[in-house]
Amino acid sequence: MSSELTRRGFLGGAAAVTLAACASETEGPRPTGQAAGGPQVTYAPPTSKLSGDLTILMWSHFVPSHDAWFKGFVQDWGRRAGVNVRVDQISVNDLPARIAAEMQAGQGHDLLQNITTLSQYEPGVHDLTDVVKEADNRWGKQLDLCRKSSFNPNTEKFYAFSPGWSPDPGDYRKSLWSEAGFPNGPATWDDLLRGGAEIKRRKNVQMGLGMAQEVDSNMAARACLWSFGAAEQNEQEEVTLRSDAAVAAVEYMVRLFKETMTNEIFSWNAASNNQGLVAGKLSYILNSISAWRTAQSANPAVADDIFFVPALRGPAKALAAQHVMYNWIIPRHARNVDAAKEFLLHYTANFAAVTYHSRLYDLPAWPSLVPQLNGWLDNDPFGAKPANKLSLLKTAVDWSVNIGYPGPANPAVGEVLGTFVLPNMMARAARGEATPARAVQDADREVRRIFDNWRRRGLVAG
Amino acid sequence: MTGGARRTLADREGALAWLFMLPSVIYILALVAVPFALAVALAFSDVTVGDPSFDWAGWANFARNFDDPVFWRALGNTFLFTAVSMLLIVVFGKILANILVADFRGKWLIRFLVLLPWTTPVALSAVAWLWLLDSIYSPIDWVLRRIGLIEGNLNWLGEPTLEMVSVIAVHVWRLTPLAAVIVMAGLVAIPREIEEAARMDGAGFWRRMFEVTIPLTLPVIAVAALFGAILTFTDMTVVYVLTRGGATHSSEVLASWAYIRGISGGDVAQGASIALFLFPLLLAAAIAILRAVRRMEVT
């Protein structure tokens, strides 16, 4: 017993030192006050005896302190549970190819994680219904957007386990927007156009909604479509893209591009809008809080000037896509399924520590797991100025939805996302290669082709 | 004394030849033939990233390609990048080779530096170019602004035309050294007497170039051109790192579209059928290379 306490103390100290080192170099101010050590990690013995090896493949978190903490966390669990755990963390850009290669080869890690839907992998993974049920029993109801990102209603299978997610608020430069007459930032898509155009005209600082083949452009296109009342599918998973609402959304994006942006947005990768915001070159972007966290150390003056707004209101709704959706899968080739499931439950049980060590980037799929969350958002432990800068995220669940909303994140939605159909639709109209109506029509045709392909395989309804 | 001795392996030329060739044969079978056969099989299947089980799909994947406007755009871009790059690689390779065979102080250092782009891993050099052409931080734009040639940044990777120019420029940058080395080998093989005879007859630099040097090195130049074409035609890294195919697929090539469709989209069979379109052209190029090499052997 005493040796366990000593070990826990050691790990806690090591994690704090590592966090401090990371914070001083790359992640802004160190945590202060009561929250400085982070939540205590809890451990519940597995329901059955575990042994052997467990290998995990996951992303390198955008917030490096999470990874430093996670390595200690997972090793500690392995020692207690009697499992030899190996974690391989790689760039998020490399994950799709790596996961695909392992699935095709039928060998590799026992537990695979990505930050977007993995619905295309359903035929090759274990059903995780028992894990989700156990989690529901322990911690209440899972958030709808996480459930829709991991459950296929047609096969009634939880092909993935989604313990957490990250919202995608608007990040704006307060000084610029105040001068344009919007001291609290834009609240509607119309505000975005008027304010953004004014800032570009006065200051020559452009807006940062990408229209390229990258993830943030995917999210921006969806947020705009939903807010205008359009969607790629309905709840019954029928394709609904071709609509007047979609044409109106594309027409709006064309105006937004012409009046507030430059061709730069066509060349962006996932990091470009972060870099632009941190460099003080963009007035508004749609992104997680990581760009601002980076600015806290890289450019504190800009960080203090960055504020957040929830999803912008459009003619129909005010919705944004999730930014990150954690999807864990256990492939059929996994050798230690029991250990993988137990680890998922242990990891989820400690989501308060996950949220804390990700610097409030990762939010829980089971809200009861992080009762401290609202307190942290009102009084940021990591040096936000003002301290309640993130308090708007308390309502993030109300204005965030899953990819594929109002339907589930099925494999067809995954392919539409992965082949960038929607940002390309926006870009074609913005570049003048097609009228908005034609761009929507062509995109609709492609979406239908993709849906038909997956429907034939029995993975999509309709 | 040796007449009755048993023949050892060293005496059996046929067996010895096979023994020496075996590593290459194994290498080619394992890393070329098997993946190629796999790609052919996948292209006629319905395999997805999550379902490796093979079901016969016939020509359905190819039919879908013909119906896909992005596929045609990628095919056109692939040809355009290859044709323009090949032309520039040959021209610059020839010029560079002429410079590198000349005698001057520090020749070996210059040769070493010139070869660096070719020896640098393509992913690494493409990332370096990504930063050189960045929309905000581009040092190229910074220099052009400082010397007053431009006012704002050029958006190298955001304007459709500049995007194409950038991709071609990086291909030319990385493959010109290879072409130069190949052409250099041809240049140094030209007997000095022929060059001197032409000079004695009063032929000037350009006449010697077009009537002596180029005709004599034409097979080597053809090899350089074909290597340049194949390496550009099959490359995905430069496009994927620089533009990821570009907004509206403006710089998409077959290799990048095969990856996006097959891996990001999850439809492995469809991706394989796109990639397989490269095969007939690569086969023709390989035959052309082998014929050129054979002609060189004959001459």
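Residues numbered from 1 in each chain as written. Chains lettered and ligands numbered in written order. Predicted model: local features only at pLDDT ≥ 70, side-chain atom pairs only at ≥ 80, totals over all residues. Heavy atoms only, no water.

(A) Here's a closer look at the overall build of chain A. Each helix and strand counted, chain A has 19 helices and 15 strands in total. Considered along the principal axes of its C-alpha atoms, chain A spans approximately 65 × 55 × 35 Å. Expressed as a percentage of the 462 residues in chain A, the buried residues total 62%. Taking the contacts inside chain A whose residues are at least 6 apart along the sequence as the reference set, 76% of them involve residues at least 24 apart. Per element, the accessible surface of chain A, about 16,300 Å² overall, is 51% carbon and sulfur. In chain A, which carries 46 positive and 47 negative side-chain charges, the distance between the mean positions of the two groups comes to 2 Å. (Helix = DSSP H or I, 4+ residues; strand = E, 2+ residues; numbered from the N terminus. Buried < 20%, exposed > 50% of the residue type's maximum accessible area, 1.4 Å probe, protein only. Contact = heavy atoms within 4.5 Å. Areas by Shrake-Rupley, 256 points an atom, 1.4 Å probe, with all protein chains shown as cover. Lys, Arg positive; Asp, Glu negative; His and termini not counted. Charge placed at Lys NZ, Arg CZ, Asp CG, Glu CD.)

(B) Examining the sheet that holds strand E9 (residues 282–286) of chain A more closely. Residues and elements named next belong to chain A. A sheet is described by the order of its strands in space; here 4 strands give the open sequence E8-E9-E7-E10, paired in mixed fashion. Where the open sheet ends on each side, the last strands, each with one partner, are strand E8 (206–208) and strand E10 (306–309). Within this sheet the neighbouring strands show an average axis-to-axis angle of 20°, counted without direction. Bridge count for strand E7 (residues 170–173) against E10 is 4 bridges, and the pairing is antiparallel. If you follow Arg173 over to E10, its bridge partner there is Ile306. (Pairing = 2+ DSSP bridges. Axes fitted to C-alpha atoms, helices over the stretch in contact; angles between N-to-C directions.)

(C) Here's a closer look at the packing of helix H17 (residues 411–418) of chain A against helix H19 (residues 436–455) of chain A. All names here are of chain A. Running from N to C, H17 and H19 cross one another at 140°; their axes reach a closest spacing of 8 Å. Compared by their axis directions, H17 and H19 come out oblique. With respect to the hand of their crossing, H17 and H19 are arranged in right-handed fashion. Here Pro411, Ala412, Val413, Glu415 and Val416 of H17 lie close against H19, whose contacting residues are Val447, Arg449, Ile450, Phe451 and Trp454. When the residues that make up the contact of H17 with H19 are grouped by side-chain class, the tally is 8 nonpolar, no polar and 2 charged. (Parallel < 35°, antiparallel > 145°, perpendicular 65-115°, else oblique. Left-handed = near helix turned anticlockwise from the far one by under 90°. Nonpolar A, V, L, I, M, F, W, Y, C, P; charged D, E, K, R; others polar.)

(D) Structural view of the interface of chain A and chain B. On the chain B side, the residues contacting the 41 residues of chain A number 42 residues. Both sides together, the interface formed by chain A and chain B hides about 3,300 Å², and carbon and sulfur atoms give 47% of it. Among the residues chain A hides against chain B, the three largest losses belong to A:Gln104, A:Gln213 and A:Arg431. Together they make up 19% of the total. At the surface where chain A touches chain B, the tally comes to 5 salt bridges. A salt bridge links A:Glu433 to B:Arg73, with the nearest nitrogen and oxygen atoms 3.3 Å apart. One can count 23 residue pairs in polar contact (both at pLDDT 80 or more) joining chain A with chain B. Of all the secondary-structure elements, those providing two or more residues to the side of chain A that touches chain B are helix H3 (95–105), helix H10 (272–278), H17, helix H18 (421–430) and H19 of chain A. Among the elements that make up the side of chain A that touches chain B, the one with the highest residue count is H19(A) (6 residues). The class makeup of the residues in the side of chain A that touches chain B is 14 nonpolar, 15 polar and 12 charged. (Buried area = accessible area lost by both parts, 1.4 Å probe. Salt bridge = Lys/Arg side-chain N within 4 Å of Asp/Glu carboxyl O. Polar contact = N/O pair within 3.5 Å; in protein donor to acceptor, adjacent residues only side chain to side chain.)

(E) The arrangement of empty space enclosed by the protein in detail. All names here are of chain A. Scanning the entire structure with this criterion turns up 3 cavities of 30 Å³ or more. The calculated volume of the largest cavity comes to roughly 60 Å³. If you go around the largest cavity, the residues you meet are Gly170, Trp189, Leu192, Leu209, Ala223, Tyr284, Leu286, Pro310, Ala311, Leu312, Leu319 and Ala320. Looking at the lining of the largest cavity, the elements that each hand over two or more residues are helix H7 (189–203) and E9. Tallied by class, residues from the lining of the largest cavity come to 11 nonpolar, 1 polar and no charged. (1 Å grid on protein atoms, 1.4 Å probe; cavity = no way out; pocket = protein on both sides within 12 Å on 5 of 7 lines; lining within 4 Å. Points joined across faces, edges and corners; volume = space filled by probe spheres on them.)

(F) Examining the layout of surface pockets more closely. Here the second largest pocket defines a volume of roughly 790 Å³. Looking at the second largest pocket, it is lined by 29 residues, and the ones nearest its centre are B:Pro35, B:Leu38, B:Ala39, B:Leu42 and B:Ala272. Counting only elements with at least two residues in the lining of the second largest pocket, the list comes to H3 of chain A together with helix H1 (13–43), helix H11 (254–264), helix H12 (268–276) and helix H13 (278–298) of chain B. No other element matches the 9 residues that H1(B) contributes to the lining of the second largest pocket. For the lining of the second largest pocket, the per-class residue count stands at 25 nonpolar, 4 polar and no charged.

(G) Looking closely at the packing of aromatic side chains. Residue and element names in this part refer to chain A. All told, the structure shown has 45 aromatic pairs over all chains when counted by the stated rule. Both rings, one in Phe70 and one in Tyr347, keep their centres 5.9 Å apart while their planes meet at 80°; by these two values the pair is edge-to-face. Here Phe70 is found in helix H2 (residues 64–81), whereas its partner Tyr347 is found in helix H13 (residues 337–349), with 277 residues between them in sequence. For Phe70, a relative accessible area of 0% translates into the label buried. (Phe/Tyr/Trp six-rings, centres within 6.5 Å; stacked < 30°, edge-to-face > 60°.)

(H) Molecular detail of the sheet that holds strand E6 (residues 164–166) of chain A. Residue and element names in this part refer to chain A. Read from one edge of the open sheet, 3 strands run E12-E6-E14, paired in antiparallel fashion. In this open sheet, the two strands that pair with only one neighbour each are strand E12 (324–325) and strand E14 (363–364). The sheet contact formed by E6 and E14 spans 2 bridges and is antiparallel. Across the sheet, the residue bridging to Trp165 is Leu363, located in E14.

(I) Broad picture of H12(B). The element H12(B) is extensively covered by neighbouring structure, given that 8 of its 9 residues are classed as buried. All of the buried residues along H12(B) are B:Val268, B:Ala269, B:Gln270, B:Gly271, B:Ala272, B:Ser273, B:Ile274 and B:Leu276.

(J) Expanded view of the nonpolar core. Core analysis: the biggest nonpolar cluster contains 172 residues, and A:Trp328 and A:Phe343 have the highest contact counts within it. When residues in this core are grouped by element, the largest group, 10 residues, is from helix H9 (residues 244–260) of chain A. (Core = buried A, V, L, I, M, F, W, Y, C linked by side-chain atoms within 4.5 Å.)

(K) Region of interest: a nonpolar patch on the surface. A surface patch of nonpolar side chains, amounting to about 980 Å² of accessible area, comprises B:Leu87, B:Val91, B:Phe92, B:Ile95, B:Ile99, B:Phe104, B:Leu109, B:Ile110, B:Phe112, B:Leu113 and B:Leu116. For B:Ile110, a relative accessible area of 33% corresponds to the partly exposed category. (Patch = residues over 30% accessible without salt bridge, like charges linked within 9 Å, V, L, I, M, F, W, Y side chains within 5 Å.)

(L) Fine view of the pairing of E7(A). All names here are of chain A. Alternating positions in E7 separate into two faces, Gly170 and Tyr172 on one and Asp171 and Arg173 on the other, with burial throughout. Sheet topology note: the E7/E9 ladder contains 3 bridges and is antiparallel. Counterpart to Asp171 in the pairing with E9 is Ile285.

(M) Focus on helix H8 (residues 215–227) of chain A. All names here are of chain A. The terminal C-alpha atoms of H8, which comprises 13 residues, lie 19 Å apart, in line with the 18 Å expected from a rise of 1.5 Å per residue. Residues of H8 that are buried include every one of Asp216, Ser217, Asn218, Met219, Ala220, Ala221, Arg222, Ala223, Cys224, Leu225, Trp226 and Ser227, and no others. Between the side-chain oxygen at the start of H8 and the backbone nitrogen of Asp216 there is a gap of 2.9 Å, and the oxygen is on Glu214. (Expected span 1.5 Å × (residues − 1).)

(N) Representation of the domain arrangement of chain A. All names here are of chain A. The domains assigned to chain A are domain 1 (2–166 + 324–387) and domain 2 (170–322 + 399–455). For domain 1 and domain 2, the distance between their C-alpha centroids amounts to 28 Å. Each side of the interface is counted separately: domain 1 has 30 residues, and domain 2 has 25 residues. Buried surface at the junction of domain 1 and domain 2, both sides included, amounts to about 2,100 Å², of which 57% is carbon and sulfur. Joining domain 1 to domain 2, the criterion identifies 1 salt bridge. Contributing elements (two or more residues each) for the side of domain 1 that touches domain 2: helix H1 (2–27), E6 and E12. Of the residues forming the side of domain 1 that touches domain 2, the biggest block, 3 residues, is contributed by H1. Residues belonging to the side of domain 1 that touches domain 2 are distributed by class as follows: 14 nonpolar, 10 polar and 6 charged. (Domains from an automatic or database assignment.)

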